[in-house]
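Spelled out, the chains give:
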Amino acid sequence: MQQLTNEQLHDACTNTGSTITLNLPLPDTPAKATRLANQIAHWLNADASEIDWGADRMQVLLRQHDKRVLLCIEWLCDAIWLEPVGGYCDISVLWQWITPGSTAQ
C-alpha cells in the first residue's frame, strides 16, 4: 500500500449519516493495516490507542483533545469506516474534523 495523501484520504470519505466510510482497498496484511491506521491518525492530527485485533477486524481509537473516533477495518464485510464515540463527537463534529470549513452532509 502506497503512502496516501491527505487529499486522497479526504476524497475517499463518504458521510453515511452515522459513520464516515473510507472507500479504500482493504489492507492485505496486518502491517499494512497498521500503516493505514497510522496514516489516518496523522491525517487527523490525532493520537492513536493500541490496535485491537479480532479474527476479521481491527479497531483503533483516535483522539484529538475532546474528540474521539473509532477507526474500524472489517475484512468480513469488506469495509473501512470512522465512527464517532463519546459525548464530544457526533457525526457532524467528525465530518467537520475531516473536512474543516464544511458542514455536515
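Residues numbered from 1 in each chain as written. Predicted model: local features only at pLDDT ≥ 70, side-chain atom pairs only at ≥ 80, totals over all residues. Heavy atoms only, no water.

Visitor: Mind showing me how you'd approach the environment of Trp 53 here?
Guide: Residue placement: Trp 53 occurs in strand 4 (residues 52-53). Along the chain, Trp 53 and Val 85 lie 32 residues apart, while their C-alpha atoms are 19 Å from each other. Apart from the residues lying within four places of it in its own chain, the contact partners of Trp 53 are Pro 30, Ala 33, Thr 34, Met 58 and Trp 75. (Helix = DSSP H or I, 4+ residues; strand = E, 2+ residues; numbered from the N terminus. Contact = heavy atoms within 4.5 Å.)

Visitor: I tried to follow the packing of aromatic side chains on my own but got confused; where do I start?
Guide: The geometry of two aromatic rings is summed up by the distance between their centres and the angle between their planes. Across all of its chains, the model carries 1 aromatic pair by this definition. Taking the centre distance of 6.5 Å and the plane angle of 20° together, the rings of Trp 53 and Trp 75 count as stacked. Of this pair, Trp 53 sits in strand 4 while Trp 75 sits in the loop between strand 6 (67-74) and strand 7 (79-85), and the two are 22 residues apart along the sequence. (Phe/Tyr/Trp six-rings, centres within 6.5 Å; stacked < 30°, edge-to-face > 60°.)

Visitor: Sorry, what's going on with the pattern of salt bridges here?
Guide: Oppositely charged side chains can form a pair if their charged atoms are brought close together. This structure, assessed with the given rule, holds 2 salt bridges. The shortest N-O distance in the salt bridge between Lys 32 and Asp 28 comes to 3.2 Å. When the shortest N-O distance is used, the salt bridge between Asp 52 and Arg 57 registers 3.4 Å. (Salt bridge = Lys/Arg side-chain N within 4 Å of Asp/Glu carboxyl O.)

Visitor: Honestly, helix 2 (residues 30-43) in this entry has me stumped. Any pointers?
Guide: Structural remark: α-helix, 3.6 residues per turn; residues separated by three or four positions point the same way. Given a rise of 1.5 Å per residue, 14 residues ought to cover 20 Å, and the 20 Å separating the end C-alpha atoms of helix 2 matches this to within 8%. Of the positions making up helix 2, those classed as buried are Ala 33, Leu 36, Ala 37, Gln 39, Ile 40, Ala 41 and Trp 43. Taken from the residues just after helix 2, Asn 45 is the one with a positive phi, measuring 55°. (Expected span 1.5 Å × (residues − 1). Buried < 20%, exposed > 50% of the residue type's maximum accessible area, 1.4 Å probe, protein only.)

Visitor: Explain unusual backbone geometry to me, please; I cannot follow it from the model alone.
Guide: In terms of backbone geometry, most residues other than glycine have negative phi values and most peptide bonds are trans. Despite not being glycine, Asn 45 has its phi angle at roughly 55°, a positive value. Within the secondary structure, Asn 45 is located in the loop between helix 2 and strand 3 (47-48). Although it is not a glycine, His 65 adopts a positive phi angle of roughly 55°. Looking at the secondary structure, you find His 65 in the loop between strand 5 (57-64) and strand 6. His 65 sits in the exposed class, given a relative accessible area of 73%.

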